[in-house]
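Results of the structural survey
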Amino acid sequence: MTPRSTNEATGGDPAPATAARRAAGAQRREEILRIAVETFATRGYHNASLAEIAERAGLTQAGLLHHFRSKTALLSGVLELRDTSEIEQLGPERPRGTAFLDHLVETVRLNSTREGIVRLYAVLSAESVTEGHPAQQFFRDRYDGLRALVAEALREACELGEADAGLDVEGVASAVVAVMDGLQVQWLLAPRSVDMAAVTRRVLSALLADLRLPAGGPAGATSSAGPAGTASDEPAGIGPGDTSGAG
């Protein structure tokens, strides 16, 4: 007689045990990814080793490779975590026109509360410009996507009469992304000296103030706004707001 499994012999259902194993495996993967995020953020991809990450996770290197088949696969898992970014999750429901720029400021404020994620992407994005880096295409796509999102919002601002129709949306979009990423590096180096949200709001306001349509209508009309750089020159949707949040 062929021996039967315990579940067959007892008439038990193997599904709960299988589900429990899967849940345990998923939890272990999350733990490994959390440790990998911290390690890549502090040491960089090239300087971090699988042996170090495995040791911190309480595993052998072979045990880690059971969950992630290579260091590159582990990096891919880490980069997938970035999709918690509010900007990229909004999709078709995102704010339109200059209201989207307000959302960018709020995202920057939120980033000032999650130093680990900010450090991770500052380190990996800088490393990705080196030849053969496995995250290079990821960050190339990331910047293409961010520029496209901001450019689309600026086109909407033009259509809504919030900005001059002649606005160089592609150039301004590149400048906006550059400001946000550059401020992150400054903030990581001197968090008590740099208020990312406040500076982002200030730069966006200055960048768009002289490009928005005059209050009187089309170009050539007299604007009722005050001197450039004052609060009255801030584009629609970019008001003073709550810009606190830098550490």
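Before reading on, note that the structure itself is shown above.
What you see is a predicted model, and the numbers here were worked out from it, not measured in a lab.

1. A short note on the overall build of the protein
What the protein contains, in helices and strands, is 11 helices and 0 strands. Going residue by residue from the N terminus, the α and β elements of the protein occur as α-α-α-α-α-α-α-α-α-α-α. Per-residue burial for the protein yields a buried fraction of 36% across its 247 residues. Intrachain contacts of the protein at a sequence separation of at least 6 include 67% that bridge at least 24 residues. Accessible area for the protein stands at about 13300 Å²; split by element, carbon and sulfur atoms hold 54% of it.

2. Some details on the nonpolar core
Counting 31 residues, the largest nonpolar core has Leu-104, Val-150, Leu-154, Leu-167 and Val-176 as the members making the most contacts within it. Those elements that provide at least two residues to this core are helix H7 (98-111), helix H8 (115-127), helix H9 (136-159), helix H10 (169-189) and helix H11 (196-209). For this core, the element with the highest residue contribution is H10, accounting for 9 residues. Of all hydrophobic cores here, the second largest spans 24 residues; its members include Leu-33, Ala-41, Leu-50 and Tyr-121.

3. Here we look at the packing of H8 against H10
Two elements in contact, H8 and H10, have axes whose closest approach is 10 Å; the angle formed by their N-to-C orientations is 120°. Viewed along their axes, H8 and H10 adopt a mutual orientation that is oblique. When the axes of H8 and H10 are compared, the crossing they make is left-handed. For the pair H8 and H10, contact is made by Glu-115, Val-118, Arg-119 and Ala-122 and by Gln-184, Trp-187 and Leu-188, respectively.

4. Details of the environment of Phe-40
Here Phe-40 is to be found in helix H2 (residues 15-47). Sequence spacing of Phe-40 and Arg-119 is 79 residues, and the spatial spacing of their C-alpha atoms is 9.1 Å. Ignoring any residue separated from it by four or fewer positions in sequence, one finds Phe-40 in contact with Tyr-45, Ala-48, Ile-53, Lys-71, Leu-74, Leu-75, Val-78, Leu-120 and Val-123.

5. Points about the pattern of salt bridges
Scanning the entire structure with this criterion turns up 13 salt bridges. Here Glu-156 and Arg-96 are joined by a salt bridge, their closest N and O atoms 2.9 Å apart. With Glu-156 in helix H9 and Arg-96 in the loop between helix H6 (86-89) and H7, the pair connects residues that are 60 residues apart, well separated along the chain. Given the relative accessible area of 11%, Glu-156 is considered buried. In this structure, Arg-109 and Glu-106 form a salt bridge, with 2.6 Å as the shortest nitrogen-oxygen distance. Residue Arg-109 and its partner Glu-106 are located together in helix H7, separated by 3 residues, close to a single helical turn. Overall, the relative accessible area of 22% leaves Arg-109 in the partly exposed class. The network of salt bridges with common partners includes Arg-94, Arg-96, Glu-152 and Glu-156.

6. Side note on the packing of helix H5 (residues 71-80) against H8
Taken N-terminus to C-terminus, the directions of H5 and H8 make an angle of 130°; their axes are 11 Å apart at the nearest point. Overall, the two elements H5 and H8 adopt an arrangement that is oblique. Crossing of H5 over H8 shows left-handed handedness. Along its contact with H5, which presents Leu-75, Val-78 and Leu-79, the element H8 presents Leu-120, Tyr-121 and Leu-124. When its residues are assigned to classes, the contact of H5 with H8 shows 6 nonpolar, no polar and no charged.

7. Quick notes on the environment of Ala-153
Note on placement: Ala-153 falls in helix H9. The spatial distance from the C-alpha of Ala-153 to the C-alpha of Arg-94 is 9.4 Å, given a sequence separation of 59 residues.

Analysis parameters
Residues numbered from 1 in each chain as written. Predicted model: local features only at pLDDT ≥ 70, side-chain atom pairs only at ≥ 80, totals over all residues. Heavy atoms only, no water. Helix = DSSP H or I, 4+ residues; strand = E, 2+ residues; numbered from the N terminus. Buried < 20%, exposed > 50% of the residue type's maximum accessible area, 1.4 Å probe, protein only. Contact = heavy atoms within 4.5 Å. Areas by Shrake-Rupley, 256 points an atom, 1.4 Å probe, with all protein chains shown as cover. Core = buried A, V, L, I, M, F, W, Y, C linked by side-chain atoms within 4.5 Å. Axes fitted to C-alpha atoms, helices over the stretch in contact; angles between N-to-C directions. Parallel < 35°, antiparallel > 145°, perpendicular 65-115°, else oblique. Left-handed = near helix turned anticlockwise from the far one by under 90°. Salt bridge = Lys/Arg side-chain N within 4 Å of Asp/Glu carboxyl O. Nonpolar A, V, L, I, M, F, W, Y, C, P; charged D, E, K, R; others polar.

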